[in-house]
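Understanding the architecture of this molecule
Chain by chain, the residues run as shown.
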Amino acid sequence: FSGGSGDGAVSGAEALRVPAVAAAVRVISEAAATLDLRIMERRDDGTESELTDHPMGQLLRGDANGWTSGFELIRDLAMAALTQDRGGLAWVNRVDGEAREIIQFRPGVLTVEFDMLTGEPTYRRQGEKIPAGDIIHVRGPFDRCPLSLAAEAIGAARMMERHAAKLFENGARPGGVITTPKQLGDKGVKSMIAAWRAAHDGPDKAGKTAILWDGASFSPLMLSSVDAQFLELRKFQILEIARAFRVSPTLLFDFDRATWANGEQAGKEFLTYTLEPWLKTLEAALGRALLTPAERQRRRFLFDRDDLTRADLATRATAISSLIAAKVLNPNTARSWLDLAPYDGGEIYQNPAINPERPAPAPSTPAREGPNGT
């Protein structure tokens, strides 16, 4: 990782020590990894169904290898794409043409070079060239990752954190200045400092009356306008980091301007404008490496976005009922959204408010004949 050429730029490892940066990277990568990953197949009629028994789906939903789960693999690929210019790289280990495991090596083991004219990547593992079809490669929209592009803004935030730490560490900023009309000499200055600290340093001695000698005077130092706005400057750097990663400040736990209304809208915007492009990138990268060219004609990887758009139960029930009544969904499809099993007759599209289920009419009883046969 290269943190940029500016004097205020920071390295990748140091940048992640800024809480706002770590929060932005985690909220994107972990949100993507928490979604269910499915392999969908398109039928001749244009509809899609999930392939639950596809070996690649089982590999990613279970363990990608002996020490990495599918969740950790997706999370780390997205995290690498956010923090490393080369993007996230993982190697698909195939035995007799069948993918058996997916391994994400430490940085430097897998390298990538791009053709100057076409941009075609060439991958190497410890110097040995390997086929592009054996590599899952997740990259952002630019030649450099968001962490690298925002290196100066992150560096400013990091320097402010250091300043704040030094400000409260051993009283880095003096509370005042002692002046004397006489020359004290080195010995006198040291004696005065030792006596002052013995009398006033430490929380237990706060508020005690200062006693000066030989005409000395104490002048307290006041905060400048820049010092008074230090907190505002730190908050502004959080906004800059949020812009760099395209996340709402509320997702970085900055709730200064958060309300119930804009908080809900920020969640929707996070899915639409921040997470969706990364999900599309992950789906395409997984498809290129784990599906054959023939399979890609009809099959694709799909993250289930429903978990992020799921509202409270009352709102969700109202929406599902409306879709069933409008004959957009049938009851069995709606039940699958709730992870419920289908039932017989639930595949019929009908409006239950117009065509309610009625009990079958009771069989008619023949009338009894009278004594005269009537």
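Calculation criteria
Residues numbered from 1 in each chain as written. Predicted model: local features only at pLDDT ≥ 70, side-chain atom pairs only at ≥ 80, totals over all residues. Heavy atoms only, no water. Core = buried A, V, L, I, M, F, W, Y, C linked by side-chain atoms within 4.5 Å. Buried < 20%, exposed > 50% of the residue type's maximum accessible area, 1.4 Å probe, protein only. Helix = DSSP H or I, 4+ residues; strand = E, 2+ residues; numbered from the N terminus. Contact = heavy atoms within 4.5 Å. Axes fitted to C-alpha atoms, helices over the stretch in contact; angles between N-to-C directions. Left-handed = near helix turned anticlockwise from the far one by under 90°. Nonpolar A, V, L, I, M, F, W, Y, C, P; charged D, E, K, R; others polar. Expected span 1.5 Å × (residues − 1). Salt bridge = Lys/Arg side-chain N within 4 Å of Asp/Glu carboxyl O. Pairing = 2+ DSSP bridges. Parallel < 35°, antiparallel > 145°, perpendicular 65-115°, else oblique. Arc of directions from axis to C-beta.

Residues I102, I136, I154, F245, L286, L290 and F301 are the most contacted members of the largest nonpolar core, which totals 54 residues. Per element, the largest residue contribution to this core is 10 residues, and it comes from helix α10 (residues 260–290). Dropping the residues within four chain positions of it, F301 is found in contact with L37, R38, I39, M56, L60, E283, L286, G287, L290 and L291. L89, V112, Y123 and I135 belong to the second-largest nonpolar core, a separate cluster that totals 8 residues.

Attention now moves to the packing of helix α2 (residues 19–34) against helix α4 (residues 70–83). Across the interface, α2 lies against α4 with an axial gap of 8 Å and an inter-helix angle of 145°. Pair α2 / α4 crosses with right-handed handedness. Residues V25, I28, S29, E30, A32, A33 and T34 of α2 lie in contact with α4, whose contacting residues are F71, I74, R75, A78, M79, L82 and T83. Across the contact of α2 with α4, the residue classes break down as 9 nonpolar, 3 polar and 2 charged.

A separate point is α2. Side chains of residues three or four places apart in an α-helix project in the same direction, reflecting 3.6 residues per turn. The end-to-end C-alpha separation of α2 is 22 Å, in line with the 22 Å expected for 16 residues at 1.5 Å each. Along α2, the residues classified as buried are A20, V21, A23, A24, V25, I28, S29, A31, A32 and A33.

Quick look at the environment of F270 now. Assignment of secondary structure puts F270 in helix α10. A relative accessible area of 9% places F270 in the buried class. Taking C-alpha positions, F270 is 8.0 Å from R246, a pair spaced 24 residues apart along the chain. Beyond its immediate stretch of four places on either side in the chain, F270 contacts V27, I28, A31, V247, L251 and L275.

Within the structure shown, the criterion is met by 19 salt bridges. A salt bridge links D44 to R298, with the shortest nitrogen-to-oxygen separation between them at 2.9 Å. With D44 in the loop between β1 (37–42) and β2 (48–50) and R298 in the loop between α10 and β13 (299–303), the pair connects residues that are 254 residues apart, well separated along the chain. Salt bridges sharing partners connect three or more residues here, namely E14, R158, E161, R162 and R234.

A word on the sheet that holds strand β9 (residues 128–130). The 3 strands are arranged β7-β8-β9 in an open sheet whose pairing can be described as antiparallel. Because the sheet does not close on itself, it has two edges, and the strands there are β7 (110–114) and β9. The mean inter-strand angle of the sheet, taken between neighbouring strand axes irrespective of direction, is 40°. Pairing between β7 and strand β8 (residues 121–125): 5 bridges, direction antiparallel. Pairing of E113 across the sheet is with T122, part of β8.

Alternating positions in strand β10 (residues 135–138) separate into two faces, I135 and H137 on one and I136 and V138 on the other, with burial throughout. Relative to β10, strand β5 (residues 88–95) runs antiparallel, the two sharing 4 bridges. Within β10, the position partnered with G88 by the bridge is V138.

Below, the discussion takes up the sheet that holds β1. Spatial strand order, β2-β1-β13: 3 strands in an open sheet with antiparallel pairing. Of all strands in the sheet, those bounded by a partner on one side alone are β2 and β13. The mean inter-strand angle of the sheet, taken between neighbouring strand axes irrespective of direction, is 40°. Pairing of β1 with β2 involves 3 bridges; the strand directions are antiparallel. Considered in β2, the bridge of E41 is made with S49.

A word on unusual backbone geometry. Phi angles above zero are rare outside glycine, and D96 is one such case at about 55°. With respect to the helices and strands, D96 occurs in the loop between β5 and β6 (98–103). We note that R246 has phi near 60°; this positive angle belongs to a residue other than glycine. Turning to its location among the elements, R246 is positioned in the loop between α9 (230–245) and α10.

Where α2 meets α9, the axes come as close as 10 Å, and the angle between the chain directions of the two elements is 30°. By the angle between their directions, the pair α2 and α9 is classed as roughly parallel. The element α2 and its partner α9 pack so that their crossing is right-handed. Note on element contacts: α9 touches α2 through I238, I241 and F245, opposite A20, V21, A24, V25 and I28. For the contact of α2 with α9, the residue count by class is 8 nonpolar, no polar and no charged.

Moving on to α9. For α9, which comprises 16 residues, the first-to-last C-alpha distance of 23 Å matches the rise-based estimate of 22 Å (1.5 Å per residue) to within 8%. Within the span of α9, buried status applies to F230, Q237, I241, A242 and F245. For α9, the arc enclosing every buried residue in end-on projection is 145°, short of the 170-degree limit, so these residues lie on one face. Positive phi shows up at R246, right after α9, with a value of about 60°.

Worth remembering: the numbers are spatial, not functional.
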